[in-house]
Amino acid sequence: MLVRLYDEFRITTRSVAVLDASAVMVSIWILRATVLAARRKSKTTRLRGPPRTNLIYGVSKDLFKSSTTGSLFEQWTKEYGPVYEVPTPLGGNRIVLCDPKAIAHFCAREPWTYTLLPFIRRFMESFFGNGILTARGEAHKRQRKSLTPAFSHATVRNITPIFYHSAYKAKAAWESLIDASSGDSAIIEVQNWMNHISLDTIGLAAFSHDFGSLDGKPASVTKIFDSFGSFSERSKIITDADLILLAQVFPLLSYLPTPRNRLLQEMQEIMEDISNTMLERTKNEKQKGALDGKEEKSIIGVLIKANDTDSAELRLTREEVVAQQMKIILTAGYETTSTSLTWALIELARNPSIQSKLREELLTFGVDPTYDQLNSTLPYLDGVVHETLRLHPPLTEFTRVAVEDDIITISEPVYTKSGDLVDQIAVTSGTQVCIPIACINRSTAIWGADAKTFLPERWLKEGAIPKAAQEVQGYRHLMTFVDGPRTCLGKGFAVAEIKTVLSVLVKDFVFEMRDGPGTQIEFNLGMILRPKVAGEDGIRIPLRVSRYGG
């Protein structure tokens, strides 16, 4: 009897608590929406945009669930102009910039006027520490200056042999898999292999540490990265999306013990341990003179040099070294490069004629190209890589919040909600501003009617890049690596690694979609969006790989 009464009491109190929480949330929402509306009405330019499709989430859930967010943004751009606003959770709004002039202004003013959203900052600071991803203003400028030499042309040139080392390891393993098969080809899950290549490469090039992933050695860091690949298969991704979206308004929600957050915490602890161990090892070797100057060739060496310098302008704290050294460089370098390599193989498998043309160029060249030759003497390889980066940017959008009022000039006038035609907009402190990278890279208004087509030739022909695309000031007129002070320091590293790996694998192997050219590709939410063959578990991309016998 007492047990039954207790259970009923617990159910009742839980229901009341839920109702109370809901009432509080609705009250906060109404208050917030009222304050935001009043502030925006008085200061921020009111722009047109898509209507709110969900009372609570605005259009954010549509974007979160869509596998083609770039297409949604492009559709809205056609309807409302190159600058518009979209409704966000709990009565908020976000300005979207698809105008090259406005984007250039935004990128130049970041990270001073525009900074990370508060809930993202809290997450990154708890996970990465006070590294370059979270630094603002002068602190960001100092850290970037300290890190720049580690990603210079000279540094990447010195570590290019490491790219080849990893690529040839994968090549040998694939030949063994083909030999062990019953025919002249094998079904190889290439995304997993691209993960191994990327991890071992970043380990050796950045930290002089061999994770042994390509040799099949188990490592805690590989296990945790692989766990993210099947994360959305193991949990309710829509529920997770709800928390992520609501955390924009209520940052404390990002700390709830969800499966994803528990995995992130485990990853944080593993990387913290590895970072400290490797940092101490390298410092001890330096003190004993065991490195003989070799530390200057690795990223960790440059970071330690910056930490030991007498220049206050370049000096990094120990926390900053740890934050940069493993957590940022490894996570960013591993995830983005392996995903780009996977997309390159998918596009080559989908387009046999392009694959053949690339192979012909590589075979004609003959020997393994040097770093400088990769950049200057293989135009079709260059086209394939940059077309992959254009169509499949690892980061699909870039959102910041204004921390001070600003005026953004735009090249093409737009209509406001009240019907006025303006060529500049006022942005109030606290307003979110978004650059839809996938939209800009694939927009027919910017790249022409064939913008959605994988076409490496667009990078080869004189004048093939449309005038509208030339106005985009990012790397090679792409927003893939963002632009301005936040432009990706590792873009030269990433491009060189992708070119090197493709130059080795495409010469010796032929790639086909296992289930034919019409195979459907979906997206999986890990650390970033990754491709997967529809119906496959995790993030599997099984391709039929054959030896080239031409």
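The preceding data block contains the structure.
Cut-offs applied
- Sequence order as written defines the numbering, with residues in each chain counted from 1.
- Local features in this predicted model are restricted to residues of pLDDT 70 or higher, and side-chain atom pairs are both shown and tallied only at a pLDDT of 80 or more, whereas totals for entire chains, interfaces and linings draw on every residue.
- Note that the side-chain values use all heavy atoms of the structure and ignore hydrogens as well as water.
- Whether two strands pair comes down to DSSP finding at least two bridges between them.
- Helix and strand assignments follow DSSP, with helices taken as H or I runs no shorter than four residues and strands as E runs no shorter than two, numbered in order from the N terminus.
- Every axis in this analysis is a line fitted to C-alpha atoms, fitted for helices over the stretch in contact. Angles between the N-to-C directions lie between 0 and 180 degrees.
- Note on definitions: a residue-residue contact is assigned when non-hydrogen atoms from the two residues lie within 4.5 Å.
- What we call a nonpolar core is a set of buried Ala, Val, Leu, Ile, Met, Phe, Trp, Tyr and Cys residues that are connected through their side-chain atoms within 4.5 Å.
- Whether a residue is buried, partly exposed or exposed follows from its accessible area with a 1.4 Å probe, protein chains only, as a fraction of its type maximum: under 20%, in between, or over 50%, in that order.
- Only one rule defines a salt bridge in this text: a Lys or Arg side-chain nitrogen within 4 Å of an Asp or Glu carboxyl oxygen.

Colleague: Help me understand the sheet that holds strand β4 (residues 185–189), please; the structure alone is not making it clear to me.
Modeller: One key point about sheets: their strands pair by backbone hydrogen bonds, in either a parallel or an antiparallel sense. Taken in spatial order, the three strands of this open sheet run β4-β12-β9, and their pairing is antiparallel. Among the strands making up the open sheet, the edge pair consists of β4 and β9 (509–513). Taking each pair of neighbouring strands and ignoring which way they run, the sheet shows an average axis angle of 35°. Seen against the sheet, helix α7 (residues 153–180) touches β4, β9 and β12 (542–547) and runs at an angle of roughly 85° to β12. Strands β4 and β12 of the sheet are contacted by helix α8 (residues 190–207), whose axis makes an angle of about 65° with β4.

Colleague: Is there a simple way to think about the nonpolar core in this case?
Modeller: Soluble globular proteins tend to bury their nonpolar side chains together. In this structure, Leu97, Trp174, Ile435, Leu502, Phe511 and Leu543 are the most contacted members of the largest nonpolar core, which totals 78 residues. Residues in contact with Phe511, not counting those within four places in the same chain, are Trp174, Leu345, Leu348, Ala349, Gln355, Leu505, Val506, Leu543, Arg544 and Val545. Within the second largest apolar cluster, 34 residues are counted, among which are Leu199, Met267, Tyr334 and Leu489.

Colleague: Hey, could you run me through the pattern of salt bridges in this one?
Modeller: Note that side chains of opposite charge can pair when their charged atoms are close. This structure, assessed with the given rule, holds 21 salt bridges. The partner of Arg350 in a salt bridge is Glu347, with the nearest N and O atoms 3.5 Å apart. Residue Arg350 and its partner Glu347 are both found in helix α14 (residues 318–350); the two are separated by three residues, about one turn of the helix. The exposure class of Arg350 is partly exposed, given its relative accessible area of 28%. Two residues, Arg458 and Glu387, come together in a salt bridge whose shortest N-O distance is 2.9 Å. In this pair, Arg458 sits in the loop between α19 (444–447) and α20 (467–470) while Glu387 sits in helix α17 (residues 379–391), placing the two residues 71 residues apart along the sequence. Shared partners join several salt bridges into a network, and the residues in it are Glu387, Arg390, Asp450 and Arg458.

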